[in-house]
Amino acid sequence: CGKNTSIESYLHSKAVLHEKAGASKTFIVMDLVTSNIVGYFTLTTKIFVFSTASGKNRERLTGDKKASIFNALLIAKIGRDDAFKGIGEGKDILGIALDYCSQVKQICAIKIVCVEYEDIPALKVFYEEQNGFKFLQKNENGLNCSFVKI
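What counts and how
- Residues numbered from 1 in each chain as written.
- Predicted model: local features only at pLDDT ≥ 70, side-chain atom pairs only at ≥ 80, totals over all residues.
- Heavy atoms only, no water.
- Phe/Tyr/Trp six-rings, centres within 6.5 Å; stacked < 30°, edge-to-face > 60°.
- Buried < 20%, exposed > 50% of the residue type's maximum accessible area, 1.4 Å probe, protein only.
- Lys NZ or Arg CZ within 6 Å of the ring centre and 35° of its normal.
- Pairing = 2+ DSSP bridges.
- Helix = DSSP H or I, 4+ residues; strand = E, 2+ residues; numbered from the N terminus.
- Polar contact = N/O pair within 3.5 Å; in protein donor to acceptor, adjacent residues only side chain to side chain.
- Contact = heavy atoms within 4.5 Å.
- Axes fitted to C-alpha atoms, helices over the stretch in contact; angles between N-to-C directions.
- Core = buried A, V, L, I, M, F, W, Y, C linked by side-chain atoms within 4.5 Å.

Side note on the packing of aromatic side chains
Argument step 1. Inspection of every chain in the model, using the stated rule, returns eight aromatic pairs.
Argument step 2. Each ring, one from Tyr127 and one from Phe133, has its centre 5.8 Å from the other, and the planes form 75°; the classification is edge-to-face.
Argument step 3. Residue class for Phe133 comes out buried when judged on its relative accessible area of 3%.
Argument step 4. Pairwise contacts between aromatic rings join Tyr117, Phe126, Tyr127 and Phe133 into one cluster.
Argument step 5. Sitting above the plane of the Phe27 ring, Lys25 keeps its charged end 5.6 Å from the centroid.

Digging into the pairing of strand β1 (residues 25-30)
Argument step 1. Bridging between β1 and strand β2 (residues 37-49) involves six bridges; their strand directions are antiparallel. Residue pairing for β2: Phe27 is matched across the bridge by Phe41.
Argument step 2. Hairpin connection of β1 to β2: six residues between the antiparallel strands, including Ser35 at a positive phi of 65°.

Digging into unusual backbone geometry
Argument step 1. With a phi angle near 65°, Ser35 is a residue other than glycine that sits in the positive phi range.
Argument step 2. Its identity is not glycine, yet Ala109 carries a phi of approximately 70°, on the positive side.
Argument step 3. Looking at the secondary structure, you find Ala109 in the loop between α3 (90-108) and β4 (112-117).

A closer look at the side chain of Glu128
Argument step 1. With respect to the helices and strands, the residue Glu128 is situated in helix α4 (residues 121-129).
Argument step 2. One polar contact links Glu128 to Tyr117, side chain to side chain, over a distance of 2.5 Å.

Some points on the environment of Lys25
Argument step 1. By the secondary structure assignment, Lys25 is in strand β1.
Argument step 2. A relative accessible area of 39% means that Lys25 is categorised as partly exposed.
Argument step 3. C-alpha of Lys25 to C-alpha of Leu43: the two residues are 18 residues apart in sequence and 5.4 Å apart in space.
Argument step 4. Excluding its chain neighbours within four sequence positions, the residues that come into contact with Lys25 are Glu19, Phe41, Thr42 and Leu43.
Argument step 5. Within polar-contact distance, the side chain of Lys25 engages the side chain of Glu19 at 2.9 Å.

Some points on the sheet that holds strand β6 (residues 144-149)
Argument step 1. The six strands are arranged β1-β2-β3-β4-β6-β5 in an open sheet whose pairing can be described as mixed. Only two strands of the sheet have a single partner each, and these edge strands are β1 and β5 (134-138). Neighbour-to-neighbour, the strand axes of this sheet turn through a mean angle of 30°, independent of strand direction.
Argument step 2. Taken strand by strand, α3 contacts β1, β2, β3 (69-80), β4 and β6, and its axis lies near 145° from that of β3.
Argument step 3. Set on the sheet, α4 makes contact with β3, β4, β5 and β6; between it and β4 the angle comes to about 170°.

Re the nonpolar core
Argument step 1. Ranked by size, the top nonpolar core spans 21 residues in total, and within it Phe41, Ile75, Leu94 and Tyr127 carry the most contacts.
Argument step 2. Per-element accounting of this core gives the leading share, five residues, to α3.
Argument step 3. If near-sequence neighbours (up to four positions away) are discounted, Leu94 is found in contact with Ile75, Ile78, Phe126, Tyr127, Asn131 and Phe133.
Argument step 4. Judged by nonpolar contacts, the second largest core, of 13 residues, contains Phe48, Phe70, Leu74 and Leu136.

Written as structure tokens, this is what we have:
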């Protein structure tokens, strides 16, 4: 999937192991006409610890402005093959991932979807400005955390 070696490494060596261990599930997105792989995404659940989130956001996510943790679906990995740049945009793959998250919500009532990403302006624009995620906080792992309610 393009130039990101950590994404390629994950797909080739870790995705199957994580699925066998019950830690996450990776989905491959295919072009229905050519059967080429357009991209992929990985879903899991995660308990997040509130660190710098405002009381308003804590209440928005949990109903309690003093909450210290919340449970959410995490789009843990998402990638697009560079061959589909401009054709199969990441927005389409993210949309499919959010559709799957909506199905999970119907089964187990988890209504928050999070993404964690490096503090890179293009990623902030992609998640927050183009796809409706709201910035929550910088997590203990150093990654930005943004969320959307489904």
